[in-house]
Amino acid sequence: MKSLLTIFLILILSCAAQASLIDSTKLIAAAEYSHFNLSPDGENITYIQRGKESYLIVNYNVKDKTTVRIKSLHAVNALLDKHWISDNVLYFEVKGLKTTHSFIAQKTKLGGYMEVLLDANWSVVRGYKGDGKHILISESKGANKYQVSQVLIESLFSFQRPKKKVLFTSNYGHRELFYEPIAEQLIGFKAEDKAITVSARALDGSKWTQLLTSQIGRRNYFVPIGFLNKRTMVVLSNKDSDKISVYKYSLDTKRISELVYGNNKYDVIDARIENGRVVSVTYQRNGKPYHEYLSKEKEAFKGRLSDELEGMLLTTLDIDRSGKNHLLFASSPTHAGTWFHFNSVNNKFTRLISAYEELENLEFAPTELIKATSRDGIELEGWLTIPRVNNRSTLIVMPHGGPIGVQDSNEFSAEIQLLANRGFTVLRVNFRGSSGYGKEFQNLGVGALGGDIESDILTVVNKVNEQYSFENTCAMGSSYGGYSSVMLAINEPKRFDCVVAAYGIYDIPYLFTSSNFHGKEDVISQIEGAVGAKSEAMNKPSPVYLASKLNVPIFLIAGRRDYIAHFEHSNRFKQVLDIHNKDVETLFFKKAGHGQSTWLGQRQETLAVIDFLERKLNLDKLVPDTETQKEVLAREHLETAALYSDENILMEPNYNLAIYFNELAVKHDSAEALYNLGIMHQQGKGVSSDLGKARLYYAQSSERGNREAKVSLAKMYFNGIGVEKDTDKVHETLASINEISEHQEESLLRLMLYCQAPKNDKHKKRCLEYPKEFIKKFEAGTTSTLARLLVSDRTAVDVKESLISFIRDNYKLDATSFKLDIRKKGTFVWSRHAGYGWRDKLVPVEEAKTTMNDSRQCYLETFINLEGFDGGRRAAAIMRWEAFQDGNLKDDSYALYRGKTSTAWRYTVPMEEDAPDLTYKISVFNLDGELIESFECDNS
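Residues numbered from 1 in each chain as written. Predicted model: local features only at pLDDT ≥ 70, side-chain atom pairs only at ≥ 80, totals over all residues. Heavy atoms only, no water.

Asks: Can you break down the overall build of the chain residue by residue, with the values?
Replies: Per the secondary structure count, the chain includes 21 helices and 43 strands. In terms of C-alpha radius of gyration, the chain reaches 33 Å, essentially the compact-globule figure of 30 Å for 940 residues. Taking all 940 residues of the chain together, the buried fraction comes to 54%. As presented, the chain carries roughly 43800 Å² of accessible surface, and 45% of it is formed by carbon and sulfur atoms. Measuring between centres, the 118 positive side-chain charges of the chain sit 5 Å from its 120 negative side-chain charges. (Helix = DSSP H or I, 4+ residues; strand = E, 2+ residues; numbered from the N terminus. Rg over C-alpha atoms; globule rule 2.2 N^0.38 Å. Buried < 20%, exposed > 50% of the residue type's maximum accessible area, 1.4 Å probe, protein only. Areas by Shrake-Rupley, 256 points an atom, 1.4 Å probe, with all protein chains shown as cover. Lys, Arg positive; Asp, Glu negative; His and termini not counted. Charge placed at Lys NZ, Arg CZ, Asp CG, Glu CD.)

Asks: Which residues make up unusual backbone geometry, and what values go with them?
Replies: Cis geometry marks the peptide bond from G402 to P403, where omega comes out at 0°. Tracing the backbone shows P403 in the loop between β30 (394-397) and α5 (414-421). Residues other than glycine seldom take positive phi values, yet E184 does so here, at roughly 55°. Along the chain, E184 falls in the loop between β13 (177-180) and β14 (185-192). Look at E184 and you get partly exposed, because its relative accessible area is 45%. At K812, a residue that is not glycine, the phi angle is positive and equals roughly 55°. With respect to the element layout, K812 can be found in the loop between α21 (797-811) and β36 (819-833).

Asks: Run through the sheet that holds strand β43 (residues 931-938), naming residues and quoting values.
Replies: The strand order β40-β39-β42-β43 describes an open sheet built from 4 strands, whose pairing is antiparallel. With partners counted over all chains shown, the strands left at the sheet margins are β40 (888-900) and β43, one partner each. Neighbour to neighbour, the strand axes of the sheet diverge by 15° on average, direction disregarded. Bridge count for strand β39 (residues 874-885) against strand β42 (residues 918-925) is 8 bridges, and the pairing is antiparallel. Within the sheet, the bridge partner assigned to E882 lies in β42 and is K921. (Pairing = 2+ DSSP bridges. Axes fitted to C-alpha atoms, helices over the stretch in contact; angles between N-to-C directions.)

Asks: An account of a negative patch on the surface is needed here, citing residue identities and associated values.
Replies: A contiguous patch of negative charge, built from D798, E801, D928 and E930, is present on the exposed surface. The topology assignment puts D928 in the loop between β42 and β43. (Patch = residues over 30% accessible without salt bridge, like charges linked within 9 Å, V, L, I, M, F, W, Y side chains within 5 Å. Salt bridge = Lys/Arg side-chain N within 4 Å of Asp/Glu carboxyl O.)

Asks: How would you explain the sheet that holds strand β25 (residues 325-332) if you had to name every residue and give the values?
Replies: On the basis of which strands lie adjacent, the open sheet formed by 4 strands has the order β24-β25-β26-β27 and antiparallel pairing. Of all strands in the sheet, those with a lone pairing partner are β24 (313-319) and β27 (348-354), marking the two edges. Going from strand to strand, the sheet's axes swing by 30° on average, the running direction of each strand aside. Bridge count for strand β26 (residues 335-343) against β27 is 6 bridges, and the pairing is antiparallel. Directly across from T338, in β27, lies its bridge partner S354.

Asks: Tell me what's going on with the packing of aromatic side chains, and back it up with residues and numbers.
Replies: The final tally for this structure, using the stated rule, is 31 aromatic pairs. Ring geometry for Y897 and Y907: centres 5.4 Å apart, planes at 90°, overall edge-to-face. Of this pair, Y897 sits in strand β40 while Y907 sits in strand β41 (residues 905-910), and the two are 10 residues apart along the sequence. A relative accessible area of 6% places Y907 in the buried class. When the ring centre of Y510 is taken as reference, the NZ or CZ atom of R572 above it lies at 4.0 Å. (Phe/Tyr/Trp six-rings, centres within 6.5 Å; stacked < 30°, edge-to-face > 60°. Lys NZ or Arg CZ within 6 Å of the ring centre and 35° of its normal.)

Asks: So what about the environment of K133? Which residues, and what values?
Replies: Inspection of the secondary structure puts K133 in the loop between β9 (122-124) and β10 (134-140). According to the relative accessible area criterion, K133 is exposed, its value standing at 56%. Along the primary structure K133 and E154 are separated by 21 residues, whereas in three dimensions their C-alpha atoms are 7.5 Å apart. If we skip the residues at most four places from it in the chain, K133 touches V151, L152 and I153. (Contact = heavy atoms within 4.5 Å.)

Asks: Lay out the packing of helix α16 (residues 707-719) against helix α17 (residues 727-735) with the relevant residues and their values.
Replies: For any two helices packed against each other, one specifies the crossing angle of their axes together with the interaxial distance. Interaxial distance between α16 and α17 falls to 8 Å at its minimum, and their mutual angle equals 170°. The orientation of α16 with respect to α17, classified from their angle, is roughly antiparallel. Mapping the contact onto sequence places K710, A714, Y717 and F718 in α16 and K729, V730, T733 and L734 in α17. Across the contact of α16 with α17, the residue classes break down as 5 nonpolar, 1 polar and 2 charged. (Parallel < 35°, antiparallel > 145°, perpendicular 65-115°, else oblique. Nonpolar A, V, L, I, M, F, W, Y, C, P; charged D, E, K, R; others polar.)

Asks: Any details on the state of the cysteines? Residues and values, ideally.
Replies: Evaluated as defined, the whole model comprises 3 disulfides. Between the sulfur of C755 and that of C767 lies a disulfide, 2.0 Å long from S to S. Residues C755 and C767 are joined by a disulfide whose S-S torsion is about 100°; by sign, that bridge is right-handed. Taken as a pair, C755 in helix α18 (residues 744-756) and C767 in helix α19 (residues 761-777) lie far apart in primary sequence, 12 residues in all. We classify C755 as buried; its relative accessible area is 4%. With relative accessibility at 2%, the residue C767 sits in the buried group. Shown here for the chain is a disulfide pattern of 1-2, 3-4, 5-6, where each number marks a bonded cysteine counted in sequence order. (Disulfide = S-S within 2.5 Å.)

Asks: Quick one: what's the story with the side chain of N706, residue by residue and with numbers?
Replies: Mapped onto the secondary structure, N706 falls in the loop between α15 (691-703) and α16. The class for N706 is buried, based on a relative accessible area of 13%. Within the local environment of N706, its side chain forms a polar contact with the backbone nitrogen of E708, the two atoms lying 3.1 Å apart. Those residues in contact with N706, other than ones at most four positions away along the chain, are A671, E672, Y675 and S701. (Polar contact = N/O pair within 3.5 Å; in protein donor to acceptor, adjacent residues only side chain to side chain.)

Asks: Account for helix α10 (residues 567-579), naming residues and giving values.
Replies: For α10, built from 13 residues, the straight-helix expectation of 18 Å at 1.5 Å per residue is met to within 8% by its first-to-last C-alpha distance of 19 Å. Of all the residues in α10, the buried ones are F567, H569, S570, F573, V576 and L577. For α10, the elements touching its buried residues are α8 (480-491), β34 (554-559) and β35 (584-589). N581, located one to two residues past α10, shows a positive phi value of around 55°. (Expected span 1.5 Å × (residues − 1).)

Asks: Describe empty space enclosed by the protein, naming the residues involved and giving the relevant values.
Replies: What the largest cavity holds in volume is close to 30 Å³. Around the largest cavity, the lining residues are P333, T367, T385, E411, S413, I416, Q417 and R428. Taken together, the residues that form the lining of the largest cavity break down as 2 nonpolar, 4 polar and 2 charged. (1 Å grid on protein atoms, 1.4 Å probe; cavity = no way out; pocket = protein on both sides within 12 Å on 5 of 7 lines; lining within 4 Å. Points joined across faces, edges and corners; volume = space filled by probe spheres on them.)

Shown next, in the form of structure tokens:
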């Protein structure tokens, strides 16, 4: 019955001694196992098993305990749905980078699975089992029309036209349909005019019948759960009560008819229906999901398994049609979850596997319930997670987002457990406005930001401080939690020692004007439902206008693509903090939205937060006491260093911190960190360019076996970068590489070396063989290397002739000699003005009127001119750009341009911003290596 609810909601004790460090790459990561489904006959269970770059859909046979791989998928593909259609047929839907694909897989006589890709216009209707021989599909027919049909499963595997029986045409879309077997009807959902309408139709019926309508965005809660029989539904509602309760809903009168279950303290969040009756309800009790069983049979079932589970919460995911086989999931605040199979006939309880099997034997930090009463008599709940190890006597007060209609819970949290493992005590509070405690409690939070909400948080903090003492206290939160964290530190300057504010709102009036969308009446109403009336926005405390009162270090985290708490909130706050000379650090992501979208991003962000806390609170770094723990810390330092140095991730990379983290990793014997330091000293990132130090770092990393460092060191000796050219040293360094796997930089360096400084006939032979092999694996890099070889004086004439012949044959070129008919060249910039129809156009810098950015381009636009009438024959040219600083070559690059001569060829080199002392030079050569044209571009 959970499918009905899901579709509807889519629409609308510390220790003083140092101890084990949990590996964050295993903790803050996708679950190793997930998406478990039990087949209708109870004989098979499918699940997902994840690898580093791919994942498997696997089937487990309950009787013989064997597994069979159904399909392997690359990690970029997201599994949208997976469920059994019949005893032997599985449906799954996968979203790729560009499109979504649906499959069905049928069990074969040999025990394997045969899969079929379904028509792209089809969507399989969930819930339909029928006779087990057909699937029910919705097929797009355009113009908001969808054809519902039955398709014979066997015909899909016959490699002929599928046998399809058309039932009717509907305007309910693919994801708006669900088949309800109890009612024996197709259920349709549609959101229109701020309301969600639920209708039903028999497969042989002539029309849709409206069942119920629920308003979107109202405080009154009304959600359908499922059917008791054809005329009675079960719904969750608080329409006539303070708490969300379970009711029967009559389809005849279209009214709530009877209370099934209500709790006087908590809102009900789910109910389970079996055989036409509600057997259990679920609500958050003391911060944890709690299943209360309404039947003695189910209560006895729970008691039978309680000893096996050792206090963990047991959730029934699926039951086969006989009622004998159960798929169960057990979890707790210190356990991410384990799947079990239970057979009620032989009373056999079988453990299948855990979500994070590698973490199964670790002991996580416990969380205790903290109760307190606010100054106006409101009962509050908080959850205090206390580190078992590495206790640093630091309390992190973590307000949740929202602030209305959101709640914190005492369930397993990877982020909380990592903070606790690193020695931080974490407090979360369900302040007024939080969901789960009824309408009245939730409505008390409307407009209470910066005042009563923060007072509630401090009430629970005071309660904690009665039992525990801390040397440091910091506030940390995301979204509204970011705002609340700042306000806590502003209001209580003597209590808080630092702030971490992520993806927050810091200018309340700006909430209503941050975009045209936010100015719409319905959106304004939603915002007012959290922060209060728009007319009162200026009277609400905003951190942007109170920045002078923040006197502790703050870590601001934001996403440039955040359209919930717009990036400008954080940007403005940062500017004002800088004006007041406050201690502020930033982590502004180029592509992140309202939080991280990847496990790597979330892990890097959390590690950066831990480092901020350590540095600003002057906490000693954790010292690993085993080689395994050294590897854990080294790996984490490398990930954080990579974050701070990546120009594609951060709006402003922090190379100083990147060096700092690499140096920390070096202390834990990381060869990769030494290589990274070599790159940064060679490129002058975070430090002045120092080729001598770069070579030393490369050498030290090479001695520890780092392949990348060996290649970089070899390139320095080959090109004479900071050292005398020494091809013997290059041969020696490359000979020490034992790895067999493909490596582009190494391969292309070997191509250069064997073509220009071979040691034997074997090397000479490889010089001519490598281009044929490499051009298939990495074409751009190979053609660039060939271009460099053809221009270089170090390449022998006979070698050049062989390479030219290869290029001509490979690209079917008609000519190697040519002249240039140059149309444009020099320093250009993107400009916009009326003369171009207000479009951007690349123009000479002296002609630019309105520039859209400051990035200049060294630009060449030319025709390739072959003697006589060439008819658009194919030609090739070598393009080279060089960047000079004080007359010395700083960087260069080669490219092999090829194509027809009937169109203009354009070559653009972006010039480095904030480097006016660089001079760029573009040179054009023919394939014989002869210079045809050369000119310079000024970057000043």
